[in-house]
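Listed below, chain by chain, are the residues.
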Amino acid sequence: MRKVLIMDTSILCVWLGVPGMATCGPDNDKWNKPGVDTKINAEIETQATLVLPFATLIETGNHIAQAGHSRREKAVKLSLRNCFSVRIRSIKKSR
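Every value quoted in this text rests on a predicted model; they were computed, and no experiment measured them. (Residues numbered from 1 in each chain as written. Predicted model: local features only at pLDDT ≥ 70, side-chain atom pairs only at ≥ 80, totals over all residues. Heavy atoms only, no water.)

Digging into the pattern of salt bridges
For clarity, the threshold we go by: Whenever a carboxyl oxygen of Asp or Glu lies within 4 Å of a side-chain nitrogen of Lys or Arg, that contact is scored as a salt bridge. Labels follow the DSSP assignment, with helices taken as runs of H or I lasting at least four residues and strands as runs of E lasting at least two, numbered in each case from the N terminus. Using a 1.4 Å probe on the protein chains alone, a residue whose accessible area is under 20% of its type maximum counts as buried, one over 50% counts as exposed, and one in between counts as partly exposed.
Under the criterion given, the structure shown has four salt bridges. Glu43 is the salt-bridge partner of Lys39, the closest N and O atoms lying 2.8 Å from each other. Of this pair, Lys39 and Glu43 both sit in helix 2 (residues 33–45), separated by four residues, roughly a single helical turn. Relative accessible area serves as the criterion here: at 37%, Lys39 is assigned to the partly exposed category. Here the residues in one salt-bridge network are Lys3, Lys39 and Glu43, joined through shared partners.

Describing the nonpolar core
Nonpolar side chains in soluble globular proteins generally cluster together in the buried interior. Counted only if it meets this: The set of buried Ala, Val, Leu, Ile, Met, Phe, Trp, Tyr and Cys residues whose side-chain atoms join them within 4.5 Å is what this entry labels a nonpolar core. By definition in these notes, contact holds between two residues if any of their heavy atoms fall within 4.5 Å.
Met7, Leu12, Trp15, Leu16, Val18, Val36 and Ile40 are the most contacted members of the largest nonpolar core, which has 14 residues in total. Where this core is concerned, the elements lending two or more residues are helix 1 (9–16), helix 2 and helix 3 (54–66). The leading source of residues in this core is helix 1, at five residues. Excluding residues within four positions of it along the chain, Ile40 makes contact with Met7, Trp15 and Leu50.

Observations concerning unusual backbone geometry
A positive phi angle, near 65°, is found at Gln47, a position not held by glycine. If you trace the backbone, Gln47 turns up in the loop between helix 2 and strand 4 (49–51). The class of Gln47 is partly exposed, set by a relative accessible area of 27%.

With respect to helix 1
An α-helical turn contains 3.6 residues, so a residue and the one three or four places further along point in the same direction. Counted residue by residue, helix 1 has six buried out of eight residues, so it is predominantly covered. Residues of helix 1 that are buried include every one of Thr9, Leu12, Cys13, Val14, Trp15 and Leu16, and no others. In the segment just after helix 1, Gly17 is the residue with positive phi, at about 75°.

Things to note about the packing of helix 1 against helix 2
Counted only if it meets this: Under this scheme, a helix contributes an axis fitted over its contacting stretch, all axes are lines through C-alpha atoms, and angles between N-to-C directions fall in the 0 to 180 degree range. We call two directions roughly parallel when the angle between them is under 35 degrees, roughly antiparallel when it is over 145, roughly perpendicular when it lies between 65 and 115, and oblique otherwise. Residue type decides the class: Asp, Glu, Lys and Arg count as charged, Ala, Val, Leu, Ile, Met, Phe, Trp, Tyr, Cys and Pro as nonpolar, and the leftover types, Gly among them, as polar.
Where helix 1 meets helix 2, the closest approach of the two axes is 8 Å, and the angle between their N-to-C directions is 105°. On the basis of the axis angle, helix 1 is roughly perpendicular to helix 2. Residue-level inspection shows Ile11, Val14 and Trp15 of helix 1 in contact with helix 2, the latter providing Lys33, Val36, Asp37 and Ile40. Here the contact of helix 1 with helix 2 is built from residues that sort into five nonpolar, no polar and two charged.

With respect to the state of the cysteines
Note the cut-off: When two cysteine sulfur atoms lie within 2.5 Å, the pair is treated as a disulfide.
Under the criterion given, the structure shown has zero disulfides. Not engaged in a disulfide, the cysteine Cys13 finds its nearest cysteine sulfur in Cys24; these two sulfurs lie 8.8 Å apart. You can call Cys13 buried: its relative accessible area is 0%.

By themselves, these are just geometric observations and shouldn't be taken as functional.
As structure tokens, then:
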């Protein structure tokens, strides 16, 4: 049985490097970009399924829109084509 990870808005914002959202989590379990990158890449390598709920995409888009700079760059990272290409590349590697 494959592992399924449901992405939270705060984790997705950290992963994409949204300005003002450099970390997430409680004080005793802070997540930063390198930690999130490591975890997500490790899960992709084990062929886990990453689920991006529609609400997470909308909320992350709102955080990007409110960022005063680098909106285009972050929006491109958030694009569905980019999100799916990560998973497709991972599947192709495993075959």
